[in-house]
Amino acid sequence: MTTVFWLQTGACGGDSLAILGAEAPSLEQLLAMHDIELLWHPSLSHQSMRRHDELYTRIIAGEQSLDILCIEGSIVTAPRGTGLYDSYRGQAKMDMARRLAEHAGAVVAMGTCAAFGGVHAATPNPGDCIGLQFDRDRPGGLLPPQWRSRRDLPIVNIAGCPAHPHAMTQILAWLATGLPLALDELNRPKDFFNTVVHQGCTRNEYHEYDIEEREPGGRACLFFNLGCQGPMTQAVCN
């Protein structure tokens, strides 16, 4: 049995919504086929918050095993490094994330916010938001670059806004199976982030023949005249 706890920090809930659209495997297949127990999810768990509090306390005390910790949302550190702009019952979510991470076999950043700070970390960043192990593109977020989980893994960053549903379910299946996971320099799974979005784009062929749109609304490539970043963006195929 692989246990999973899903913590939501500064987030819109988009990654939780996206994972419901997964088909290969679906969320239901993931849990059933890989013997995963979802201890807690803020939207999908039907128990009261008392159950959440009990699980959190038992994990921190070492009484409940935690194999995979999923965190969705940027880490809010304001005001003045306390994190209390995003708190639960007087405790900063950033402190909850840090304490849970110390007990987890693997920690997965679900989406760009959890991985790098996301849109919340854009200037002027009033919440002083950061990622779990990156501050935008710089190593070092809530946890230092050298931090490793119990399975000797850094934070696994499944980037995307929201993250691709199949990237989320397949990486969770990968971790539950115990297979070795190769990561790139941004701690993203190499098998999902080794190509650019442009390669999977339906407009790719137009680009090859230098057929470029000058105004939105057409079917040709949007790169040269309309600013599409697909040829430079490493991500799961669109």
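In what follows, the accompanying structure is described.

Let us look at the pattern of salt bridges. A full pass over the atoms with the stated rule returns five salt bridges. Notably, a salt bridge pairs R89 with D53, separated by 2.4 Å at the nearest N-O pair. Highlighted residues: R89 in the loop between β5 (87-88) and β6 (91-92) and D53 in helix α3 (residues 49-60), separated in sequence by 36 residues. In this structure, D184 and R188 form a salt bridge, with 2.9 Å as the shortest nitrogen-oxygen distance. Assessed through its relative accessible area of 11%, D184 is described here as buried.

All chains considered together, the criterion is met by two aromatic pairs. Arranged with centres 4.7 Å apart and planes meeting at 50°, the rings of F223 and F224 form a pair that is tilted.

Compared with an ideal rise of 1.5 Å per residue, which puts 13 residues at 18 Å, helix α6 (residues 165-177) spans 18 Å between its outermost C-alpha atoms and is within 8% of the ideal. Among all positions of α6, only P165, A167, M168, T169, I171, L172, A173 and L175 are buried. Taken from the residues just after α6, G178 is the one with a positive phi, measuring 85°.

Let's shift gears to the pairing of strand β3 (residues 66-72). Of all the seven residues making up β3, six are buried; the element is thus mostly covered by neighbouring parts of the structure. Where strand β1 (residues 2-8) meets β3, five bridges bridge the pair, whose relative direction is parallel. Within β3, the position partnered with L7 by the bridge is I71. Summarising the sheet, β3 and strand β7 (residues 104-110) pair through six bridges and their orientation is parallel. What sits directly across from E72, in β7, is M110.

Inspection of the secondary structure puts H207 in helix α7 (residues 204-208). Within the structure, the side chain of H207 is placed 3.2 Å from the side chain of E212, a separation counted as a polar contact. Beyond its immediate chain neighbours, meaning those up to four positions away, H207 contacts H198, E212, C221, F223 and F224.

Strand-to-strand pairing in sheets goes through backbone hydrogen bonds, with the strands running parallel or antiparallel. Spatial strand order, β2-β1-β3-β7-β11: five strands in an open sheet with parallel pairing. Lying at the two open borders of the sheet, with one neighbouring strand each, are β2 (36-40) and β11 (156-158). Ignoring strand direction, the axes of neighbouring strands in this sheet form an average angle of 25°. Docked against the sheet, α3 engages β1, β2 and β3, running at close to 110° with respect to β2.

Criteria and thresholds
Residues numbered from 1 in each chain as written. Predicted model: local features only at pLDDT ≥ 70, side-chain atom pairs only at ≥ 80, totals over all residues. Heavy atoms only, no water. Salt bridge = Lys/Arg side-chain N within 4 Å of Asp/Glu carboxyl O. Helix = DSSP H or I, 4+ residues; strand = E, 2+ residues; numbered from the N terminus. Buried < 20%, exposed > 50% of the residue type's maximum accessible area, 1.4 Å probe, protein only. Phe/Tyr/Trp six-rings, centres within 6.5 Å; stacked < 30°, edge-to-face > 60°. Expected span 1.5 Å × (residues − 1). Pairing = 2+ DSSP bridges. Polar contact = N/O pair within 3.5 Å; in protein donor to acceptor, adjacent residues only side chain to side chain. Contact = heavy atoms within 4.5 Å. Axes fitted to C-alpha atoms, helices over the stretch in contact; angles between N-to-C directions.

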